[in-house]
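Here are the chains, one letter per residue:
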Amino acid sequence: MPSKLLSIKLNNPKMKTTFKSFIALILMTCSGLSAQNLEAKIDSLITSKFKPENPGAVFLAVKNGKVIYRKAFGMADLEMDIKMKPEFVFEIGSMTKQFTAVSILMLAQQGKLQLNDEITKFIPNYPTNGNRITIHHLLTHTSGIKDFTSMKSIKDIARRDLSPKELVDFFKNEPIDFKPGEQYKYCNSGYVLLGYIIEIVSGQTYEEFITQNIFKKTGMENSYYASHDKIIKNRVSGYRDKEVFVNTNYISFSIPYASGSIMSTVDDLVKWQNALNSNVLLNPAFTEKTFTNYKLNNGTYIDYGYGWHLEKVKNKIVREHGGSIFGFKSMGVYEPTEQIYVVGLSNCDCNSPTAITTAIASLLME
């Protein structure tokens, strides 16, 4: 269970096959509904999976700057009998990695660090055992550092409030899975280290940095570093399915930290995408670094940039990332040539919006 806290990446071949089959089925269904309008097509996709009486979801689709679709489905709170609304706030899990990656690039743009800097420049006592592990390796999941969410002992810390240093200390002595740059393996530990480096270089907490330098600059007024204590207006409740729906497990947000602890809305995530497109936070050269398909040491492409997967939909490269954290799942897909952005947020970790989000993006592509 703990290994599912943060990652949306499907590493099991059988899961990949099932997922691709589901996508194909959805797309075939869409092609058979060509006589209906686009809204009805999208509605039918979503209502087949998200029922009115169950935990729900919000989906938003934009094309060329115009909102094509924005709707909420199901329930935001089962106990209070509150229906979902499009403006509600969700935990977005590993979509957080986009914000962490851009924060690192902002610091690089300011000359405060370089992407080929070794992590020991900032964390001198980190045990690399003679390996050269760089910020680039952390950003691209090629460091070889063990993903702490796969460690059995994570259950011992899941509810504890840890400092970034304490969290790094939890996994830093684990043996590496491979030498840096030799493989791609999705790794939440790398993004924890990036968050810690942001704090060391900026002199701010990760929460302070993203709030001041990203949320405020982009007008993301309903996005937050997650908290169990703060009163957050329009926060939805998270659920899991144990034959009947039950409240999600508790986790301290200091554990997912810079790899998965942001809360947001579909509207704010559109503002985020618009800020990236218009170079509000990064100049064009650094934005290009974000969406470059990087290679391993042997020249093999990894289909990952800095905080985004680079995949194909209808033979077009899309920039995408999802998230999974207790009680919530998320997915965002952006296709740059037609400026299509689709985002789906769900408040049950039993019901992913990934396939539907991808299918909607495909529908909007010409």
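What you see is a predicted model; the values in this text were computed from it and never measured.

1. Examining the overall build of the protein chain
The helix and strand tally for the protein chain stands at 10 helices and 13 strands. The principal-axis extents of the C-alpha atoms in the protein chain amount to approximately 60 × 45 × 40 Å. Per-residue burial over the protein chain gives 56% buried out of 366 residues. Once local pairs closer than 6 in sequence are excluded, the contacts in the protein chain between residues at least 24 apart make up 67%. Across the protein chain, the 42 positively charged side chains and the 35 negatively charged ones have centroids separated by 4 Å.

2. Thoughts on helix H6 (residues 188-202)
The first and last C-alpha atoms of H6 sit 21 Å apart over 15 residues, in line with the 21 Å expected at 1.5 Å per residue. Counted residue by residue, H6 has 12 buried out of 15 residues, so it is predominantly covered. Regarding H6, the residues found buried are Asn 188, Ser 189, Gly 190, Tyr 191, Val 192, Leu 193, Leu 194, Gly 195, Tyr 196, Ile 197, Ile 198 and Glu 199.

3. Topic: the pattern of salt bridges
All told, the structure shown has 14 salt bridges when counted by the stated rule. Glu 39 is the partner of Lys 71 in a salt bridge, and the nearest nitrogen-oxygen pair spans 2.7 Å. Here Lys 71, found in strand S2 (residues 66-73), pairs with Glu 39, found in helix H2 (residues 38-47); they are 32 residues apart in sequence, far enough to count as distant. The class for Lys 71 is partly exposed, based on a relative accessible area of 23%.

4. Some remarks on the sheet that holds strand S6 (residues 224-225)
As summarised here, the arrangement of the 3 strands in space is S5-S9-S6, forming an open sheet in which the pairing is antiparallel. In the strand order of this sheet, the two ends are held by strand S5 (90-91) and S6, each with one partner. Where S5 lies against strand S9 (residues 262-264), 2 bridges are found, and the strand directions are antiparallel. Residue pairing in the sheet places Glu 91 in a bridge with Met 263 of S9.

5. Side note on the nonpolar core
Membership of the largest hydrophobic core comes to 80 residues, with the highest contact counts inside it found for Phe 99, Phe 171 and Trp 272. Among the elements that make up this core, the one with the highest residue count is helix H3 (residues 96-109) (8 residues). With residues near it in sequence (within four places) discarded, Phe 171 still touches Tyr 126, Ile 145, Phe 148, Met 151, Ser 189, Val 192 and Leu 193.

6. Considering the state of the cysteines
By definition, a disulfide links the sulfur atoms of two cysteines through a covalent bond. The final tally for this structure, using the stated rule, is 1 disulfide. Two residues, Cys 348 and Cys 350, share a disulfide whose sulfurs are 2.2 Å apart. Between Cys 348 and Cys 350 the disulfide shows an S-S torsion of about 125°. By sign, it is right-handed.

What counts and how
Residues numbered from 1 in each chain as written. Predicted model: local features only at pLDDT ≥ 70, side-chain atom pairs only at ≥ 80, totals over all residues. Heavy atoms only, no water. Helix = DSSP H or I, 4+ residues; strand = E, 2+ residues; numbered from the N terminus. Buried < 20%, exposed > 50% of the residue type's maximum accessible area, 1.4 Å probe, protein only. Contact = heavy atoms within 4.5 Å. Lys, Arg positive; Asp, Glu negative; His and termini not counted. Charge placed at Lys NZ, Arg CZ, Asp CG, Glu CD. Expected span 1.5 Å × (residues − 1). Salt bridge = Lys/Arg side-chain N within 4 Å of Asp/Glu carboxyl O. Pairing = 2+ DSSP bridges. Core = buried A, V, L, I, M, F, W, Y, C linked by side-chain atoms within 4.5 Å. Disulfide = S-S within 2.5 Å.

Function cannot be read off these values alone, since they describe shape.
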